[in-house]
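Structure at a glance
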Amino acid sequence: MNDPIDPYETTETHLERLLGRALNSFDLPDATVERLGSALAHASSLHSSHHEAGLHRATYRHTYLLGDGSSLTLWELVHSGSKGTGRDGARGPEQHELYAEEGEARLAASRLPAGFPGFAEDISGPGFGLDADLELLASLMAPPPAPLPPMYVPDDSADHARRVLRRAENENRPGEQTAHRLRAAFAHHITQVFGRQYRVAGKDAGFTLYEHAFLLLDGTETSLWEVEHTATPDGRHMCEVYEAEHAAREAMELRARVR
């Protein structure tokens, strides 16, 4: 794996390289990108690393000194997986993702398990078929365990809500009324509620459900329910966002039934 840290690189070149290789740089908050324009110096360090046969992922912390004397940190997730099941264990090309919050980087890393780029369980061998389908449908609709009280974090929560809504691809995603209400969010909490990988239409497909809980200025709470899955014709990641948990679970069930 190529080390993304170069101690002789200028801050301007470093930022250009970092943003240029990130698959999701467009999803960074606009305010963050604007602040980075005044970066004077930077320091990068390896935050965590995980290796398995043919697989690798690492998280890097990039901290910048800005022109106004403040600092800003970006979290970079770098991961690669085996190109196939051959004995040579050849590793696939590296992929880079950038996040403005450590919590988002941790969530993204949790979606990168052994053997499948994006979800938490690896399924192989026997066990597919009717029984597996029934297990899938039952687990998708099963009520979740009683959650712990959320620990809200004040951290550009209104912008986080905007980005969640922006990446939703479903036609019945929350509308302008919800978006307007979430502009008053000042703290939020992210929880992974569900994550499994299954066979759908003869292909590996992953389903992950996240709750994005928001605390609003008037003291009320509200949530967005985000479904990430790869039950798409070309196997790409797709994000769907719903206002109710039952609607999100029904959407996952519908996707899993497609044959």
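Above this text sits the structure in question.
Residues numbered from 1 in each chain as written. Predicted model: local features only at pLDDT ≥ 70, side-chain atom pairs only at ≥ 80, totals over all residues. Heavy atoms only, no water.

This part takes up the overall build of the protein. On a plain count of helices and strands, the protein comes out with 7 helices and 8 strands. For the protein, buried positions account for 43% of its 259 residues. When contacts within the protein are restricted to residue pairs at least 6 apart in sequence, long-range pairs at least 24 apart make up 58% of them. Surface accessibility of the protein: about 14,000 Å² in total, with carbon and sulfur atoms responsible for 54%. (Helix = DSSP H or I, 4+ residues; strand = E, 2+ residues; numbered from the N terminus. Buried < 20%, exposed > 50% of the residue type's maximum accessible area, 1.4 Å probe, protein only. Contact = heavy atoms within 4.5 Å. Areas by Shrake-Rupley, 256 points an atom, 1.4 Å probe, with all protein chains shown as cover.)

This next bit is on the environment of Thr73. If you trace the backbone, Thr73 turns up in strand S3 (residues 71-80). Assessed through its relative accessible area of 19%, Thr73 is described here as buried. Separated by 11 residues in sequence, Thr73 and His62 place their C-alpha atoms 5.5 Å apart. Excluding anything up to four places from it in sequence, Thr73 contacts Arg61, His62, Thr63 and Ala100. A polar contact is formed between the side chain of Thr73 and the side chain of Thr63, at a distance of 3.3 Å. (Polar contact = N/O pair within 3.5 Å; in protein donor to acceptor, adjacent residues only side chain to side chain.)

Now for the pattern of salt bridges. Following the criterion strictly, the structure yields 12 salt bridges and no others. Of the charged contacts, one joins Arg106 and Glu102 as a salt bridge, the two residues approaching to 2.9 Å between their closest N and O atoms. One end of the pair is Arg106 and the other is Glu102, both in helix H3 (residues 102-110) and 4 residues apart, which spans about a single turn. Look at Glu102 and you get partly exposed, because its relative accessible area is 27%. Across the salt bridge formed by Glu176 and Arg183, the nearest N and O atoms sit 2.6 Å from each other. Across the pair, Arg183 and Glu176 agree in class, each one exposed. Here the residues in one salt-bridge network are Glu101, Glu104, Asp159, Arg162 and Arg163, joined through shared partners. (Salt bridge = Lys/Arg side-chain N within 4 Å of Asp/Glu carboxyl O.)

Phe194, Ala205, Phe207, Leu209, Trp225, Val227, Ala231, Tyr242, Ala248, Ala251, Met252 and Ala256 form the largest nonpolar core, which has 12 residues in total. Secondary structure elements with two or more residues in this core: strand S6 (203-216), strand S7 (221-229) and helix H7 (245-257). Residue contributions to this core peak at 4 residues, all from H7. (Core = buried A, V, L, I, M, F, W, Y, C linked by side-chain atoms within 4.5 Å.)

In total, this model carries 1 cavity of 30 Å³ or more according to the counting rule given. In this structure, the largest cavity encloses a volume near 50 Å³. Surrounding the largest cavity, Asn24, Asp27, Leu28, Pro29, Leu98, Tyr99, Ala100, Glu104 and Arg163 form its lining. Split by residue class, the lining of the largest cavity holds 5 nonpolar, 1 polar and 3 charged. (1 Å grid on protein atoms, 1.4 Å probe; cavity = no way out; pocket = protein on both sides within 12 Å on 5 of 7 lines; lining within 4 Å. Points joined across faces, edges and corners; volume = space filled by probe spheres on them. Nonpolar A, V, L, I, M, F, W, Y, C, P; charged D, E, K, R; others polar.)

Take the side chain of His229 next. Locating His229 in the fold gives a position in strand S7. Residue His229 is classed as buried on the basis of its relative accessible area of 0%. Here Glu240 takes part through its side chain, which lies 2.9 Å from a polar atom of the side chain of His229.

The next subject is the pairing of strand S8 (residues 238-242). Here S8 lies mainly inside the structure; 5 of its 5 residues are buried. Every second residue of S8 is oriented toward a common face, with Met238, Glu240 and Tyr242 on one face and Cys239 and Val241 on the other, all of them buried. Where S7 meets S8, 5 bridges bridge the pair, whose relative direction is antiparallel. For Val227, the partnering residue across the bridge sits in S8 and is Glu240. (Pairing = 2+ DSSP bridges.)

This part is about the environment of Pro174. Within the secondary structure, Pro174 is located in the loop between helix H5 (157-166) and helix H6 (176-182). Here Pro174 falls in the buried class, since its relative accessible area comes to 11%. Taking the C-alpha atoms as reference, Pro174 lies 9.8 Å from Ala244; in sequence the two are 70 residues apart. Apart from residues no more than four positions distant in its own chain, Pro174 is found in contact with Leu165, Leu224, Val241, Tyr242 and Glu243.

Another aspect to go through is the side chain of Asn24. Looking at the secondary structure, you find Asn24 in the loop between helix H1 (11-21) and helix H2 (30-36). Here Asn24 is in contact with His96, Glu97, Leu98 and Tyr99, once residues within four sequence places are set aside.

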